[in-house]
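Working through the structure, step by step
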Amino acid sequence: MTWQLSAILAGHKGDVKAVIAPTDSMIVSVSRDKSVRTWQRQSSNKFSEGKVFHGHTNYVNSVAFIGASASNPNGLIVTGGSDRLINIWDPEDSSAPVYTLAGHTDNVCSLYADTDGHIVSGSWDKTAKIWRDWQCVHTLEGHTQAIWGVLELEHEVIVTASADKTIGMWKDGKKIKTVTGHEDCVRSLALLPGIGFVSCGNDGAVIVWSNNGDPLQALDGHTSFVYSLATLPTGEIFSSGEDRTVRVWEHGACTQTIMHPCVSVWCVAALPNGDIVSGGSDGFVRVFTRNKERIADAETLEAYNEENAAAALPSNQVGDIKKDDVPGIEALQQPGRKDQDVKMVRVGNVVEAHMWSNAEQSWSKIGEVVDAVGQNRKQLYGGVEYDHVFDIDVGEGVPALKLPFNVTENPYTAAQTFLTKHDLPQAYLDQVAEFITKNARAVSQGETASVGDPLTGGSRYTPGQTSSSSLGSYNPWGNEAPKAQPAVKRLIPLLTNVPFKDANLAAIQKKMLQLNTELASSGTALDSADLAQLESLFKFLAAPPMQPTQQPGYVSLLLKIFNTWPEASRFPALDLLRLLALCSTSPAESPDLLKTLLAASRTHETSLMLVARLVVNFCETSLGREVAMNEISVVLEYMEDDAIWQSTNKNLKLAVATVYMSYSALLLKRHDDDALAIQYVGVLTKILEKEREQQVQYRLLVALGNLIFAHESAKESAAIFGVKGVLQSAVLSRRTSEKITTQGVASEIVKLLE
């Protein structure tokens, strides 16, 4: 019998990063919403939320369970997170951890616990630790990158999976073997009883190993990163990843692909009864079963299948296609050539992906293919097709904002969405809606659309044309400005991002070729195929597309350079990544890219500066902004490092200050993130107490002003942090020549605080 949905558990407000099922009746999940949750079975296919544990101060990324004992009759939940701590919880008491284990210096991203209460933890700090009786007894050092997975085999042999592409085997605190075979980061490990263990990684591979670390079998099928593994006593293996799937493996073959309506399936685990549970980037926990008594009801199944069918399936997961060459829906009258066979069919102007099931002898829709090549293609914005994407001017010297619109939409709905997204005054609703109506009608009738801007009422300058408007004059930075007077430009709030776009491509290319020549004898130099791809990348960056496109090959090449070249030589790869982020969605689509690069660059100023610039450039695209916000706590934790602000490297500090400014612009639109706003008011105030470089000060001040402008709680906390006094001593009381750039924005903040 095939696997089918049993239950959907809703409650988390962020990605579910890890799950575990200690019993058939209890599931434990951890999330980027900083919570740990238990779920209790109410019936064969229903779970309800049990306890919610709030003890971590940052993302919770790993979970394990210690079985019941005389001293702990309920067992113990073990959780690790980006706050560097491991918390031990009684499942029936969410008030506070029973124990807290401190020792790691970075994110605790993997945990394993045995029945005796021994714990193994893996961290971004490149170490694994073994804990007994709540004390660290061994620290395993030897990996050169983060440790993503940990496991204990027989005879107290510890196995570690690392971003350095290797698997380590350890005994009594010492490494006894280094296992190689993966071509990229190794992300997870799972026991395979009677055989050995399984690993998976960013190379898309799932590999079976013996207990001695000898490769036995490679399982090929995933089309993107593989994040997590689980096994059953039957020998079945389950893997989850970035391709929206959990895959079921039996005797070396993929026997079923379980599609999910979310981009990332971060984790998968097995229940004692043989069911499996997954956690995704959409915040849901899902249980799947082969037992007909535990299958979800028909209504839930239908809704889930419809959600899967509505999900967009990137064309890179099914191969490049041309709409005109795709057969019609009648092609589904023929059975599939094999189980899990995927077929593209054209339904109107949409290309759908359908998967064949041998068990059910039928096709089922698994998604709609986006970015398919065809005629009469619409305009892409944020990865979605629209009939129109208008440029809206919001002020002199400020980049135009994009307003996407489909002719089937209500102009007022589109206008309201635009105002909300960019935190613009509600008074402009009618003007924006009229602008959409006028210009969308003009385009549909074959006329030349006005390039006027509905907020200021002016038209963009073209030679020989005079400025005119039929909408009136508005100042989007404040209240309506009298026409007889020039509008006073306010510095706060700053709504737009300030990316790092400038680059001398010829100089970067020359430097990379020079470095590659110098590395010829080291075995890490690029080969002819890599050099050809590098040449292609420079041509792409020299003439980028109007809208960001997917270019995963370029990201893979640059990460290869970053991971294999010496630390002092890899900075050009980071420079190209920050440029690529402006014209491709692929950097933002690379899971954990920012965290990985930050962890590897924290001790190298030039690399850290370039990663900071990359973060800023992420904020130029909708997907990049989403990723940046998801990683805000991790990113800004690195930006707070005292070593940065004690450095004499102005470019580094300017890049980091711009990161704060970019995030403050994003937080302008997220009024529910008061805790973050308060936290960073305190951080920025502390930095401003000592920083005196005007350009750096200016960007830090804008960030501070944005937070105070948008969050009343941040404004209240400014008094506690003594912001007025800091502004007075750091800016306003200084000589005129020392505050030319910063006096205006500092004065605006003081007025906001009055």
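So, here is what we can say about the structure in this document. Quick caveat: nothing in here was measured; it's all calculated off a predicted structure.

**Let's talk about the overall build of the protein**
When its secondary structure is counted, the protein shows 19 helices and 36 strands. Looking at the 754 residues of the protein, the share that counts as buried comes to 54%. Taking as baseline every contact in the protein between residues at least 6 positions apart, the subset at least 24 positions apart corresponds to 52%. By element, 49% of the accessible surface of the protein is carried by carbon and sulfur atoms, the whole surface being about 32,300 Å².

**Looking at the sheet that holds strand S18 (residues 186–192)**
Where strands meet in a sheet, backbone hydrogen bonds hold them as pairs that are either parallel or antiparallel. Overall, antiparallel pairing links the 4 strands, which are arranged S18-S19-S20-S21 in an open sheet. Only two strands of the sheet have a single neighbouring strand rather than two, namely S18 and strand S21 (215–219). Shown here is a sheet whose adjacent strand axes are inclined to one another by a mean of 20°, direction ignored. When strand S19 (residues 196–201) meets strand S20 (residues 206–210), the two strands line up antiparallel, connected through 5 bridges. Bridging from a neighbouring strand, glycine 196 pairs with serine 210 of S20.

**Things to note about unusual backbone geometry**
Generally, phi is negative for residues other than glycine and the peptide bonds are trans, each holding for most cases. Positive phi is not limited to glycine here, since arginine 84 has a value of about 75°. Residue position: arginine 84 is located in the loop between strand S7 (76–81) and strand S8 (85–89). Even without glycine at this site, tryptophan 134 takes up a positive phi of about 70°. Along the chain, tryptophan 134 falls in the loop between strand S12 (127–132) and strand S13 (135–141).

**So, the nonpolar core**
Counting residues in each nonpolar core, the largest one holds 105 residues, and the members touching the most others are Leu576, Met639, Tyr660 and Tyr663. Among the elements that line this core, the one with the most residues is helix H14 (residues 650–667), at 11 residues. When near neighbours in sequence (up to four residues on either side) are disregarded, methionine 639 contacts Leu598, Leu608, Ala612, Ile644, Trp645, Val656, Val659 and Tyr660. Listed in part, the 23 residues of the second largest apolar core include Ala128, Ala161, Met169 and Ile207.

**Section: helix H18 (residues 723–732)**
All of the buried residues in H18 are Val723, Val726, Leu727, Ala730, Val731 and Leu732. The buried residues of H18 occupy one face: seen down the axis, they fall within an arc of 150°. Tucked into the core, H18 has its buried residues touching helix H15 (674–688), helix H16 (694–710), helix H17 (712–721) and helix H19 (743–752).

What counts as what
- Each chain has its residues counted from 1, following the order in which its sequence is written.
- Reporting in this predicted model follows two pLDDT cut-offs: at least 70 for local features of residues, and 80 or more for side-chain atom pairs to be given and counted; totals over whole chains, interfaces and linings ignore these cut-offs and use all residues.
- For side-chain calculations, the full set of non-hydrogen atoms in the structure is used, while hydrogens and water are omitted.
- Secondary structure elements are defined from DSSP: runs of H or I of at least 4 residues count as helices, runs of E of at least 2 residues count as strands, and each element is numbered from the N terminus.
- Think of it in three bands: residues with accessible area under 20% of the maximum for their type are buried, residues over 50% are exposed, and the middle band is partly exposed, with areas taken using a 1.4 Å probe on protein chains only.
- We call two residues in contact whenever any of their non-hydrogen atoms come within 4.5 Å of each other.
- Accessible areas in this description were obtained via Shrake-Rupley with a 1.4 Å probe; residue shielding takes into account the shown protein chains only.
- If DSSP finds at least two bridges between two strands, the strands pair.
- Axis lines are fitted through C-alpha atoms, for helices just across the contact stretch, and the angle between N-to-C directions can take any value from 0 to 180 degrees.
- We call a set of buried Ala, Val, Leu, Ile, Met, Phe, Trp, Tyr and Cys residues a nonpolar core when their side-chain atoms join them within 4.5 Å.
- Directions from the helix axis toward the C-beta atoms define the arc.

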